[in-house]
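A closer look at the structure
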Amino acid sequence: MITIGMEEKKFITDSGIEIDEVYTFCNTSPEMPGKFPFTRGIQKDMYRGRLWTMRQYAGFSTAEESNKRYHYLLKQGTMGLSVAFDLPTQIGYDSDHAFAEGEVGKVGVAIDSLKDMEVLFDGIQLEKITTSMTINATASTLLAMYIALAKKQGADVKKISGTIQNDILKEYAARGTYIYPPKPSMWLITDIFAYCSNEVPKWNTISISGYHIREAGSSAAQELAFTLANGKAYLKAAIAAGLDINTFGQRLSFFFNAHNHFFEEIAKFRAARRMWAKISADMGATLPKAQMLRFHTQTGGSTLAAQQPDNNIARVTIQALAAVLGGTQSLHTNGFDEALSLPTEEAARIALRTQQIIAYESGAIDTVDAMGGSYFIETLTSQIEAEAWKYIDRIEAMGGAVSAIEEGYIQREIADSAYRYQKAIETKAKIIVGVNKYQSDEPKHTKVFKVDDSIRQLQVTKLQQLRIERNNEAVINLLARLESDAKDNVNLMPGIIDAVEHYATLGEIADVFRKVFGEYQQS
């Protein structure tokens with residue numbers, strides 16, 4: 001950001017850190033990649049040994065339509081799938097529920113039962129790909145469906161790999177797709193940790209998300225601080241449940257935003273690894289894999305402009321390069337048209353090609369931590385770390401992330417940051433090309449991707465047929481067992497898997513937990 005005063009220009013990052021005219025010294029000790037505290041990367045050789053996983057976030061309409069897009073992306077060179085679910089699926093309503101009207105298949109794919117999951121991955125062997133699922137409140141049910149499908153395919157579930165987002169704390173703070181109160185929500189999460197540690201050991205059981213915190217308006221320092229504070233809360237909950245941090249800690253991953261300030265984003269990713277290594281070690285992690293911060297990155301959705309949308313290709317390229325130079329383990333690049341609609345195939349292809357050009361043409365992968373040793377980057381890494389620790393210390397003084405969210409502290413900080421950022425744009429203290437400067441008369445970008453409202457009736461018809469064909473007596477009994485398990489503090493994952501294998505629907509399972517846990521209401 002550039003703030004213009006009466007006599008001088010002041011250059012500051014989006015987190016308010018002032019940038020000096022030149023850097024001639026950085027106070028940092030020599031570190032090597034692959035070694036604690038992993039500032040320079042979690043692997044000794046990083047991308048020289050293995051590229052980041054190139055993912056494209058996709059899901060819309062029905063399972064049939066999304067399956068076609070997945071096959072298209074795999075043919076284009078995508079290395080892993082990243083599934084977007086529609087809003088009713090995210091908040092535990094079947095497509096025929098009254099609350100689902102107008103939202104079925106709109107922001108992601110509608111998944112009501114294992115039948116839909118079978119179609120979603122038709123022709124795709126789960127043992128041979130990694131799958132990331134952006135799902136939180138209903139994460140346990142979607143993971144259960146994925147495991148059930150892997151079994152049906154004859155896969156060894158101990159070999160399937162992927163990630164569920166499963167980060168409910170950021171939903172209370174920034175996004176809003178929660179269902180149950182924090183305490184039972186945390187219980188569901190620790191049940192997943194415990195079950196997967198034994199039964200699905202290669203699965204990443206949570207992706208602790210700063211992405212949505214940033215999309216809600218936080219600064220880079222706040223994104224870092226609030227994400228790691230939430231991560232610390234999950235560690236505490238799992239340890240309190242009797243789990244071994246050296247076991248479940250190896251399956252935690254993080255999800256960060258790549259925003260516009262190129263150097264601050266690189267510094268943020270480097271600081272994140274250093275900070276998490278200290279947090280996890282202080283809480284008892286002794287194995288390096290339990291101390292490493294592994295993360296997925298998505299380019300900034302909120303930075304995409306509807307005005308002059310082709311400019312977004314440049315924005316996404318800069319953001320993706322920052323993620324790579326910052327050491328990401330997987331990356332999704334946004335389509336240039338996503339300020340207008342779901343991405344078209346053309347936009348998705350360009351977004352993927354952007355990653356491939358960085359990987360194979362730019363030289364960015366040739367050395368590990370190419371920005372390491374830069375006076376500016378090393379100083380900025382330490383500065384953003386210091387800012388983040390200040391926030392974490394305040395949160396800890398409140399009793400941790402859950403208490404800070406319940407008190408509204410994190411929400412207020414994000415809202416204040418969003419206000420300051422928007423005010424800077426409106427006053428032109430911050431320039432957004434094509435939005436508040438260099439505007440031009442241009443034809444409307446008419447090629448957009450739309451989902452037809454008739455999708456809901458298709459899903460309703462499938463649900464009606466499912467309820468005729470399945471063994472309803474078995475479903476009733478299994479849902480009753482699930483209710484009993486929820487009341488008796490039994491690990492819920494085996495019961496959920498049994499229920500989905502008999503084609504209990506996502507909404508039916510969510511309703512069981514609504515009955516036992518209640519629904520959370522923001523104060």
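Right above here is the structure, for reference.
The sections below set out a description of the structure shown in this document. (Residues numbered from 1 in each chain as written. Predicted model: local features only at pLDDT ≥ 70, side-chain atom pairs only at ≥ 80, totals over all residues. Heavy atoms only, no water.)

1. Some thoughts on the packing of aromatic side chains
- What the rule picks out here adds up to 24 aromatic pairs.
- Look at Tyr47 and Trp52: their rings are 5.0 Å apart centre to centre, the planes differ by 75 degrees, and that puts the pair in the edge-to-face class. Here the two residues Tyr47 and Trp52 agree in accessibility, since each one is buried.
- Members of the aromatic cluster, joined through ring pairs, are Phe254, Phe256, Phe269, Trp276 and Phe295.
- Against the face of Tyr503 rests Lys115, its NZ or CZ located 5.2 Å from the ring centre. (Phe/Tyr/Trp six-rings, centres within 6.5 Å; stacked < 30°, edge-to-face > 60°. Buried < 20%, exposed > 50% of the residue type's maximum accessible area, 1.4 Å probe, protein only. Lys NZ or Arg CZ within 6 Å of the ring centre and 35° of its normal.)

2. A word on the layout of surface pockets
- Here the second largest pocket is characterised by a volume of approximately 550 Å³.
- Contributing to the lining of the second largest pocket are 29 residues, with His259, Ala418, Tyr421, Gln422 and Ile425 lying nearest its centre.
- At the level of elements, α7 (211-215), α8 (220-240), α14 (375-397) and α16 (409-426) are the ones that each hand at least two residues to the lining of the second largest pocket.
- In terms of residue count, the dominant contributor to the lining of the second largest pocket is α16 (six residues).
- The residue inventory of the lining of the second largest pocket, partitioned by class, reads 11 nonpolar, 13 polar and five charged. (1 Å grid on protein atoms, 1.4 Å probe; cavity = no way out; pocket = protein on both sides within 12 Å on 5 of 7 lines; lining within 4 Å. Points joined across faces, edges and corners; volume = space filled by probe spheres on them. Helix = DSSP H or I, 4+ residues; strand = E, 2+ residues; numbered from the N terminus. Nonpolar A, V, L, I, M, F, W, Y, C, P; charged D, E, K, R; others polar.)

3. Description of the side chain of Ser82
- Counting through the fold element by element, Ser82 comes out in strand β4 (residues 80-84).
- Taking relative accessible area as the criterion, Ser82 reaches 4% and is therefore assigned buried.
- Discounting chain neighbours no more than four positions away, the residues touching Ser82 are Arg55, Gln56, Tyr57, Ala58 and Ser132. (Contact = heavy atoms within 4.5 Å.)

4. A closer look at the nonpolar core
- Trp52, Phe121 and Phe513 are the most contacted members of the largest nonpolar core, which totals 142 residues.
- Considering every element that reaches this core, the biggest residue donor is α8, with 11 residues. (Core = buried A, V, L, I, M, F, W, Y, C linked by side-chain atoms within 4.5 Å.)

5. Remarks on the sheet that holds strand β10 (residues 295-299)
- The nine strands lie next to each other as β7-β6-β5-β4-β3-β11-β10-β9-β8, forming an open sheet whose pairing is parallel. Each of the sheet's edge strands pairs with one partner strand only, and the pair in question is β7 (203-204) and β8 (206-209).
- Judged from the five bridges that link them, β4 and strand β5 (residues 130-134) form a sheet pairing that is parallel. Each residue of the ladder has a partner; that of Gly80, found in β5, is Thr130. (Pairing = 2+ DSSP bridges.)

6. Describing unusual backbone geometry
- With an omega dihedral of 5 degrees, the bond running from Phe36 to Pro37 counts as a cis peptide bond.
- Structurally, the position occupied by Pro37 is in the loop between β2 (9-11) and β3 (53-58).
- The phi angle at Met46 is positive, at roughly 45 degrees, despite the residue not being glycine.
- Looking at the secondary structure, you find Met46 in the loop between β2 and β3.
- For Met46, a relative accessible area of 9% translates into the label buried.
- Residue Tyr503 is not a glycine yet carries a positive backbone phi of 70 degrees.
- Its place among the elements puts Tyr503 in the loop between α19 (493-501) and α20 (506-517).
- Exposure remark for Tyr503: the relative accessible area of 14% places this residue in the buried category.

7. Some details on a nonpolar patch on the surface
- On the surface, Ile431, Val433 and Tyr438 cluster together into a nonpolar patch covering about 280 Å² of accessible area.
- You can see Ile431 is positioned in the loop between α16 and α17 (455-469). (Patch = residues over 30% accessible without salt bridge, like charges linked within 9 Å, V, L, I, M, F, W, Y side chains within 5 Å. Areas by Shrake-Rupley, 256 points an atom, 1.4 Å probe, with all protein chains shown as cover. Salt bridge = Lys/Arg side-chain N within 4 Å of Asp/Glu carboxyl O.)

8. Some words on the environment of Glu31
- Along the chain, Glu31 falls in the loop between β2 and β3.
- Judged by relative accessible area, Glu31 falls into the buried class, the value being 18%.
- Residues Glu31 and Arg273 lie 242 residues apart in sequence; the distance between their C-alpha atoms is 13 Å.
- Not counting chain neighbours up to four residues away, the residues in contact with Glu31 comprise Pro37, Thr39, Arg40 and Arg274.
- For Glu31, the side chain forms a polar contact with the side chain of Thr39, separated by 2.7 Å. (Polar contact = N/O pair within 3.5 Å; in protein donor to acceptor, adjacent residues only side chain to side chain.)

9. Examining the pairing of β4
- The element β4 is largely enclosed, with a buried count of five among its five residues.
- Residues Gly80, Ser82 and Ala84 point to one face of β4 and Leu81 and Val83 to the other, with burial holding for every one of them.
- Relative to β4, β3 is paired through four bridges, and the arrangement is parallel. Note on β4: the bridge partner recorded for Gln56 is Leu81.
- In this view, the connection linking β3 to its parallel neighbour β4 by way of helix α1 (residues 63-76) has right-handed handedness. (Right-handed = clockwise from strand over helix to strand, strands pointing away.)

10. Brief notes about the packing of helix α6 (residues 182-199) against α8
- Running from amino to carboxyl end, α6 crosses α8 at an angle of 70 degrees, the nearest separation of the two axes being 10 Å. The pairing of α6 with α8 is recorded here as roughly perpendicular in orientation. From α6, Met186, Ile189, Thr190 and Phe193 reach across to α8, where they touch Ala233, Tyr234, Ala237 and Ala238.
- Split by residue class, the contact of α6 with α8 holds seven nonpolar, one polar and no charged. (Axes fitted to C-alpha atoms, helices over the stretch in contact; angles between N-to-C directions. Parallel < 35°, antiparallel > 145°, perpendicular 65-115°, else oblique.)

11. Here we look at the pairing of β3
- In terms of burial, β3 is a largely internal element, five of the six residues being buried.
- Examined bridge by bridge, β3 and strand β11 (residues 330-332) share three bridges and lie parallel to one another. Looking at β11, one finds that Arg55 is bridged to His332.

12. Regarding the environment of Leu380
- Note on placement: Leu380 falls in helix α14.
- Excluding residues within four positions of it along the chain, Leu380 makes contact with Thr13, Ile17, Phe263, Glu264 and Ala267.

13. Overview of empty space enclosed by the protein
- Following the criterion strictly, the structure yields five cavities of 30 Å³ or more and no others.
- Here the largest cavity defines a volume of roughly 100 Å³.
- Lining the largest cavity are 17 residues; nearest its centre among them are Tyr47, Val324, Thr367, Val368 and Asp369.
- Looking at the lining of the largest cavity residue by residue, the class counts come to eight nonpolar, four polar and five charged.
- Of the pockets and cavities examined, the second largest cavity occupies roughly 80 Å³.
- As for the second largest cavity, its lining consists of Asn136, Ala137, Ala139, Ser140, Asn166, Ile168, Tyr180, Ser185, Leu188, Ile189 and Ile192.
- Mapped by element, the contributors of at least two residues to the lining of the second largest cavity are α4 (139-152) and α6.
- Element by element, the count of residues in the lining of the second largest cavity is highest for α6, at four residues.
- When the residues that make up the lining of the second largest cavity are grouped by side-chain class, the tally is seven nonpolar, four polar and no charged.

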